[in-house]
Each structure stands twice: as structure tokens, then as C-alpha cells.
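Secondary and tertiary structure notes
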Amino acid sequence: MIPVILSGGSGTRLWPVSRKTHPKQFWPLLSEDSMLQETSNRLNSYTGAKAPIVVCNEEHRFFVAHQLQSCSPDNPAIILEPVGRNTAPAAAVAALHALKQGTEEDPVLLVLPADHVIKDLAAFHAALSEAEQLAQQGHLVTFGIVPGAPETGYGYIQSGDKLSATFPAMKISRFVEKPDRDTAEEYLASGDYFWNSGMFVFRATRYLDALAQFAPGILEASKQAYEQAETDADFIRLEKQAFIDCSSDSIDYAVMEHTDNGVVIPLNVGWNDVGSWSALWEIGDKDDDGNVITGDVLAQDSRNCYLRSDSRLLATVGLEDIMVVDTHDVVLVAHRDQVQKVKELVNQLSGEQRKEIDIHALVHRPWGSYQGIDRAERYQVKRITVAPGAQLSLQMHHHRAEHWVVVKGTAKVTCGDRTFLLSENQSTFIPIGQQHRLENPGKIPLDIIEVQSGAYLGEDDIERLEDLYGR
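Residues numbered from 1 in each chain as written. Predicted model: local features only at pLDDT ≥ 70, side-chain atom pairs only at ≥ 80, totals over all residues. Heavy atoms only, no water.

Along the protein, the regular secondary structure elements total 11 helices and 30 strands. Relative to its length of 471 residues, the protein is compact, with a C-alpha radius of gyration of 24 Å against a globular reference of 23 Å. On the principal axes, the C-alpha backbone points of the protein span a range of 75 × 60 × 40 Å. A burial count over the protein gives 52% of its 471 residues as buried. Working note: accessible area of the protein is about 21,600 Å², and carbon and sulfur atoms make up 45% of it. Positive and negative side-chain charges of the protein, numbering 42 and 66 respectively, have mean locations separated by a distance of 4 Å. (Helix = DSSP H or I, 4+ residues; strand = E, 2+ residues; numbered from the N terminus. Rg over C-alpha atoms; globule rule 2.2 N^0.38 Å. Buried < 20%, exposed > 50% of the residue type's maximum accessible area, 1.4 Å probe, protein only. Areas by Shrake-Rupley, 256 points an atom, 1.4 Å probe, with all protein chains shown as cover. Lys, Arg positive; Asp, Glu negative; His and termini not counted. Charge placed at Lys NZ, Arg CZ, Asp CG, Glu CD.)

Attention now moves to the packing of aromatic side chains. Counted under the stated rule, the structure contains 11 aromatic pairs. Taking 4.6 Å as the distance between ring centres and 5 degrees as the angle between the ring planes, the aromatic pair formed by Phe202 and Tyr207 counts as stacked. Tyr207 matches Phe202 in its accessibility class, with the two residues each being buried. Aromatic ring contacts, followed pair by pair, group Phe62, Phe235 and Tyr469 into a single cluster. The lysine or arginine in question, Lys286, covers the ring of Trp281, its NZ or CZ lying 4.6 Å from the ring centre. Positioned over the ring face of Tyr370 is Lys382, at 4.1 Å from the centre of the ring. (Phe/Tyr/Trp six-rings, centres within 6.5 Å; stacked < 30°, edge-to-face > 60°. Lys NZ or Arg CZ within 6 Å of the ring centre and 35° of its normal.)

Where a strand is regular, its side chains alternate between the two sheet faces. Counting buried positions along strand 2 (residues 53–57) yields five of five residues, so the element is predominantly enclosed. Relative to strand 2, strand 1 (residues 2–7) runs parallel, the two sharing four bridges. The residue of strand 2 that forms the bridge with Val4 is Ile53. As for the winding sense of the linkage, the β-α-β connection from strand 1 through helix 1 (residues 35–44) to strand 2 is right-handed. Bridge analysis of strand 2 against strand 3 (residues 77–81) gives five bridges, and the strand direction is parallel. Its bridge partner lying in strand 3, Cys56 is registered against Leu80. (Pairing = 2+ DSSP bridges. Right-handed = clockwise from strand over helix to strand, strands pointing away.)

Quick look at the nonpolar core now. Counting 66 residues, the largest nonpolar core has Phe143, Val201 and Leu438 as its most contacted members. Top element by residues in this core is helix 4 (residues 121–136). It accounts for six residues. Leaving out residues up to four positions away in the same chain, Leu438 has contacts with Ile384, Val386, Gln391, Leu392, Trp404, Ala411, Lys412, Val413, Leu446 and Ile448. Listed in part, the 47 residues of the second largest apolar core include Leu6, Leu219, Ala225 and Ala254. (Core = buried A, V, L, I, M, F, W, Y, C linked by side-chain atoms within 4.5 Å. Contact = heavy atoms within 4.5 Å.)

There is a patch of like negative charges on the surface, built from Asp287, Asp288, Asp289 and Asp301. Overall, Asp301 belongs to the exposed group, its relative accessible area being 52%. (Patch = residues over 30% accessible without salt bridge, like charges linked within 9 Å, V, L, I, M, F, W, Y side chains within 5 Å. Salt bridge = Lys/Arg side-chain N within 4 Å of Asp/Glu carboxyl O.)

Mapped onto the secondary structure, Pro28 falls in the loop between strand 1 and helix 1. Spatially, the C-alpha atom of Pro28 lies 28 Å from that of Gly318, the residues being 290 residues apart in sequence. Pro28 has contacts with Asp33 and Ser34, leaving out every residue within four places of it along the chain.

Another point: the sheet that holds strand 24 (residues 400–408). In space, the six strands of this open sheet follow the order 20-21-22-29-24-27, with antiparallel pairing throughout. Across the chains shown, the open sheet's two edge strands, defined by having one partner strand only, are strand 20 (362–365) and strand 27 (427–430). Taken over all neighbouring pairs, the strand axes of this sheet differ in orientation by 20 degrees on average, direction set aside. Looking at chain direction, strand 20 and strand 21 (residues 368–376) are connected through four bridges and run antiparallel. Residue pairing for strand 21: His364 is matched across the bridge by Ser369. (Axes fitted to C-alpha atoms, helices over the stretch in contact; angles between N-to-C directions.)

Our focus in this paragraph is the sheet that holds strand 19 (residues 331–335). Read across the open sheet, the four strands follow the order 14-16-18-19; overall the sheet is mixed. In this open sheet, the two edge strands, each paired with only one partner strand, are strand 14 (292–294) and strand 19. Across the sheet, the mean angle separating the axes of adjacent strands is 5 degrees when strand polarity is ignored.

This next bit is on the side chain of Ser278. Tracing the sequence through the fold places Ser278 in helix 10 (residues 277–283). A distance of 2.8 Å separates polar atoms of two side chains, one belonging to Ser278 and the other to Ser276. (Polar contact = N/O pair within 3.5 Å; in protein donor to acceptor, adjacent residues only side chain to side chain.)

Moving on to the side chain of Glu130. In this structure, Glu130 sits in helix 4. With no salt bridge to any partner, buried Glu130 finds its closest opposite charge in Lys162, at an N-O distance of 8.2 Å. Sequence-distant contacts of Glu130, that is, excluding residues within four places in its chain, are made with Phe167, Pro168, Ala169 and Ile265.

Right, let's talk about the packing of helix 1 against helix 2 (residues 61–69) for a bit. Running from N to C, helix 1 and helix 2 cross one another at 50 degrees; their axes reach a closest spacing of 10 Å. Regarding the angle of helix 1 to helix 2, the classification is oblique. Pair helix 1 / helix 2 crosses with right-handed handedness. The residues of helix 2 that touch helix 1, namely those facing Leu36, Gln37 and Ser40, are Val64, Gln67 and Leu68. Classifying every residue of the contact of helix 1 with helix 2 by side-chain character gives three nonpolar, three polar and no charged. (Parallel < 35°, antiparallel > 145°, perpendicular 65-115°, else oblique. Left-handed = near helix turned anticlockwise from the far one by under 90°. Nonpolar A, V, L, I, M, F, W, Y, C, P; charged D, E, K, R; others polar.)

What follows is the structure in C-alpha cells.
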């Protein structure tokens, strides 16, 4: 079985932690590992699982490569989408890649999102084994989560007759959209409906054949994008225009709602798609007052709250059923029953073109990170951290000068035709228009304070002359 991990989601309901340039699957929300790493870890222990195929947005390629280095025993294939086109095209290019590798004539694929929680690993692996057998027989398998409540935030799958006495799997009667409360309660009472998990198991050729029958446009565009893809270091870059021209549809809509070979396996494994802050409260470790606390938090007379601080002290008094999320540049406060409306808030901010929906004050780069400290007209101050052995691109700026002060570690600086070392408490000046590069030749992280000054301070005022990361 080849795992196909879909890592293209934006996670807008977990704003302000999850943002366009750093969505939720790359954050350690429940443990020391990110959600992508937890997904990879739970597949590593499944007998017979091969190296995964990861499909992600091109902007997130370094997150994926870096995070999987520490948890995937084999080198994963990383396929880069120039734009998001939902799960049906993503699974199609993964199936084409799996067939091209030729390790098996027709491999079984396990397609699943990168940002789900599964607590009962043994039960999950047992269900995978059953699904693998059914896929070998030609079925297109999905997993239906046994509902624990009349949830209105999920789509549902109505089950039909059982396939056999041997397996609990059932034929799929129909897929239904997110219901209202009364309808969800009817679904729960009937026992015939399951939450739609968005996880699938099928043979590569069976899925591609189903696309050819029910969504031939998606198959053709996916083929063009994959066959004209370029391999760049550890990445497979899909051809941009062909993928842009592809329809944006889910596997459910493109295939599963139409095929007669679809089956659903009931799954009761402590699953959660972490689709809201209240979901993190539900599955998190609670204190004696029912609070889930992350970071430097002091909670007094507060109950059943989710309280998260990523930097400074967060103090609460007399709160109940409240979510407070404090990042470096945004504070979100919401009632636990209203957190589904965070997406509406993000849409409003998008209409106002607020940068806070796209980037964090702390921005990760393949060489390290930088954090905005202060900004006003004609200047801004950043803290830059460069990982040991890493280097920024050789670059120049047309509108700003920079002052660098080393606060920890050793910096190797290229400025024009000079290259020199700076140690702690030493500084240098980079004039407007001067070619320059910053490197960390040491074995500990390099921290510098950068003061930019000039008429324009945007991140797009960078002309890269040499770059290790293909930007």
C-alpha cells in the first residue's frame, strides 16, 4: 500500500495560527510533532506501507521536505501543485506517479488528508487491512466515521447492504451535504449514516478508470500536468497551465457519487478532522476546570476554555466556554459555540486585504526564520535566525538599505566583493543596490537584528542572483 498524503489545505477555521503561508498541517497542535508528521508516523507502523507520495502547494514544499526528513524512513515523493484543485486531481497525479514508478503493476493507494487526528491506531490499522483486501478486489473504498453526535459541520454517507458476512463494509447508498440540526439528529438515530472522513483506498488503475468514465476532463488535465512536470531536487513540479485548467472537484463529487463499486467501512478510532478551535478543546488534555492550556497561561476562575499563547503571558479571569488564541500579531477571542464563524471572519479580512490572513509575524523560510519586531514609515526591524550551515540567497534591494547586528552565533557576510565574519555584538551596513548574502558557518543558530530603512520595505523588493532553494 502506498500512502498518498494530501497536504494542500488552508485550515482557515484555525486562524490566526493557521494561515495561507503556514497552514495547520505544519503546526504541532496536539504534540511535539506537526499534524503532517503525526500522519506520516501512524503510517510508518503499518505493515507493508511503502514510501508516501505527498501532494502539496508549491509554497509549502520546504515545510513538507523538512518535516518528513525526521519521521519518514524512506524518501517521499513530493508533488507540487501550482494552484489548489481539490482532492480528485491531487489523487489522480499521485496515481499516475505510483504507476510510473513500476514497483508494482497496480499498487493500492491509501489517500488521506495530512491534518486529521486518529487516536486508536490498532483499530485504524485493522480497518486499513480490510480496505486493502477490498481494493484488491476492485472496490473503491472510503471510511465512514461512526457519529458520536448530530454534527452539522460534516458531510454524511448513507450506507446500504453489507457486502458479506465476512467484512463489516457496506455498499454506499448516497453522499449527503452538511445537514441542519434536525436532519443530523435523524441521521444519528437511524444508524445508517456516517460522517464522511475524506479517506480512501483503491487500486491506482481503478481510480483512473473511474475518472475516465465520470470525469474525463480531470483525468486529461492531470495527465498533461504530470507528463509535462519538471523534477527539481526533491520535488516534482506539475506543469502550471495544464493544472490551472483542471476542474476543482473532490473525489466524492468526481467519482464516488457515481460509481457502483463504492463501499464504506465504519470507523470508530477517535477520529477528528480538527476543523475548529472547539475541536482542539474537545480532544485536548484538560485541567481540573476543563481548560485546555497551551503556552504561558494563567487561568483564574475560568472553565471549559481553550487558552493558547504563542509568545507572551495570557491571563484570564472568570471566563467560561471561551476560546482565546494569542499569536505574535493577532488575538482571537470567541465563544466555543461560535468558532465555526472564524472562516467568515477570515473572508472579511481577505476582502479588506489584510496581510494577517496570509503570513505570521514569525515567518519560516528554508534557511531558518524571521520575525517582525517593529515597523513605521521608512523603517522596520526584524529578528533573523539562520540555521547552522544554512545561507540566504545572494541578493540585492533596489529601495532599502540594511543594518545587521549579530546577537548570537557567527555570521559570514558577503557585501559586494568582500566576504568577512562577524561575531556577537559586531555589525555591518548593506547599502541600497549592493549585492549581499548572509550565511551561518557555525554549529549553533545565528541570530541577528536587521534594521531596514528606505522608501519601500516590501518583501518583493528582493532580486535573487543565486539561490540554493530554486526560488
